[in-house]
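As a plain string of letters, each chain reads:
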Amino acid sequence: MTCSRVIGTGSYLPEKILTNSDLERMVDTNDEWIRSRTGICERRIAADDQFTCDLAEQASLRAIEAAGIKNTDIDLIIVATTTADQVFPSTACLLQHRLGIEGPPAFDVQAVCAGFMFALDVADKFIRTGSARCALVVGAETFSRIIDWTDRRTCILFGDGAGAVILKADNSPGILSTHIHSDGKYKDLLCVPVGVSKNYNLVQQGKAYTTMEGGEVFRWAVTAMSDIIEEALVANNMDKEQIDWLVPHQANIRIINAVGKRAKIPSEKVVITVNRHGNTSAASVPLALDEAVRDGRIVSGQYILLEGFGGGFSWGSALIKM
Ligand code: UT7
């Protein structure tokens, strides 16, 4: 049976660092509140002339180099993003052109902070069904562009960045399972309530901002991210002790700690980047994965559980043997 393996990872963070003390000068907040309520110390912000595709391109080039493949070996490109460069073409098509690839399918998926899990799920299915043999899967965001920088409830949380993986067809997994879920009845708890088709005048006025019922999102995130760990373990007939690393969506250290506690996964086995990256939405999981691969924590043969959660609500997991 054909499966997909992760053969390379890459990531990119914009140069500009926005610290908590910078935010103290912008809104009524303080470093102590942000650290203790979220675990975030700093986040990266894209330059004015830097767009999601620019971040995606850098992450992709690093993943391609790590995988030791040529750009033209790639026969599927999926970009998970909430902050596409343009209404169309997709950011994946823009990225495809940058990488000098012609012909194979390239498209975006939109599942906000769970987007990378959705993209991975789709790419894995393409490979399992023989429709692709070498996929580039990217999570990339310039989330800072949809933040109200006068709203202290949201502006302290988010940052920009990109992460990418190369998946290759193989006889042995690889990706052992993916599970993805959505429940649109929670659409109003975390959203940008304007777009091209609805309230476009607000977009034109530069008022396409993220709104969030923080407490309710927090509770839901803990429940959903704990439940999908169990779902992945049951599907693979595995125990939590067999998981070498949990790579959760990086939204809030208190969410990550609560999930680890409920799932009984010790904190030494959890990859944390939220302190330095903030919440980079669809980029958060592949960014954290790449960081732990490059610093040598994640190595070949280990079992890695990735999980994401975000607006929709949408959430998902992938259990991977590296
Ligand atoms: O990717 C998924 C997307 N999002 C998330 O996962 C976020 C989930 N939610 C959270 O992470 C947390 O709910 C927050 C970090 C957003 C908020 O933390 P909280 O512990 O739930 O605080 P809260 O909203 O209950 O606010 C507590 C107090 C309030 O003041 P009062 O009403 O008690 O006087 C807020 O007005 O803290 C105030 N507050 C702030 N104070 C200083 C809210 N934001 C700030 C701030 N600085 N930035």
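Let us now look at the pattern of salt bridges. Counted by the stated rule, this structure contains 15 salt bridges. Each of Asp54, Glu57 and Arg98 takes part in salt bridges that share partners, so that together they form one network.

The terminal C-alpha atoms of helix H8 (residues 214–235) lie 31 Å apart, and with 22 residues this matches the ideal 32 Å at 1.5 Å per residue to within 8%. Burial in H8 covers these residues: Val217, Ala221, Val222, Ala224, Met225, Ser226, Ile228, Ile229, Ala232 and Leu233. At the C-terminal side of H8, Asn237 shows a positive phi close to 55°.

The subject of this paragraph is the nonpolar core. Counting residues in each nonpolar core, the largest one holds 44 residues, and the members touching the most others are Ile229, Ile255, Leu305, Phe309 and Phe313. Secondary structure elements with two or more residues in this core: H8, helix H9 (253–263), strand S12 (303–310) and strand S13 (314–321). Looking at this core, the element that brings in the most residues is H8, giving nine residues. Per-domain counts for this core show at least three residues from each of domain 1 (3–171) and domain 2 (176–321).

Moving on to the domain arrangement of the protein chain. Domains assigned within the protein chain are domain 1 (3–171) and domain 2 (176–321). Distance between the C-alpha centres of domain 1 and domain 2: 14 Å. Counting residues at the interface gives 54 residues for domain 1, matched by 46 residues for domain 2. Together, Cys113, Met117 and Phe118 form the three largest contributors to the area buried by domain 1 at its contact with domain 2, with a combined 17%. The tally of links from domain 1 across to domain 2 stands at zero salt bridges. Counting across the domain 1 and domain 2 interface gives 16 residue pairs in polar contact (both at pLDDT 80 or more). Put simply, the parts of the chain that give the side of domain 1 that touches domain 2 at least two residues each are strand S1 (3–12), helix H2 (31–38), strand S3 (42–45), helix H3 (52–67), helix H5 (115–128), strand S6 (134–142), helix H6 (152–155) and strand S7 (160–170). Broken down by element, the residue count for the side of domain 1 that touches domain 2 peaks at nine residues, all from H5.

Within the secondary structure, Asp148 is located in the loop between S6 and H6. Side-chain polar atoms of Asp148 contact the side chain of Thr150, separated by 2.6 Å.

Time to look at the sheet that holds strand S4 (residues 76–80). In a beta sheet, neighbouring strands are held together by backbone hydrogen bonds and run either parallel or antiparallel to one another. Here we have five strands laid out as an open sheet, ordered S1-S7-S6-S4-S5, and mixed in their pairing. Looking at strand neighbours, the two that pair on one side only are S1 and strand S5 (106–109), the edges of this open sheet. Across the sheet, the mean angle separating the axes of adjacent strands is 20° when strand polarity is ignored. Pairing analysis gives nine bridges linking S6 to S7, with the strands arranged antiparallel.

What counts and what doesn't
- Residues numbered from 1 in each chain as written.
- Predicted model: local features only at pLDDT ≥ 70, side-chain atom pairs only at ≥ 80, totals over all residues.
- Heavy atoms only, no water.
- Salt bridge = Lys/Arg side-chain N within 4 Å of Asp/Glu carboxyl O.
- Helix = DSSP H or I, 4+ residues; strand = E, 2+ residues; numbered from the N terminus.
- Expected span 1.5 Å × (residues − 1).
- Buried < 20%, exposed > 50% of the residue type's maximum accessible area, 1.4 Å probe, protein only.
- Core = buried A, V, L, I, M, F, W, Y, C linked by side-chain atoms within 4.5 Å.
- Domains from an automatic or database assignment.
- Contact = heavy atoms within 4.5 Å.
- Buried area = accessible area lost by both parts, 1.4 Å probe.
- Polar contact = N/O pair within 3.5 Å; in protein donor to acceptor, adjacent residues only side chain to side chain.
- Pairing = 2+ DSSP bridges.
- Axes fitted to C-alpha atoms, helices over the stretch in contact; angles between N-to-C directions.

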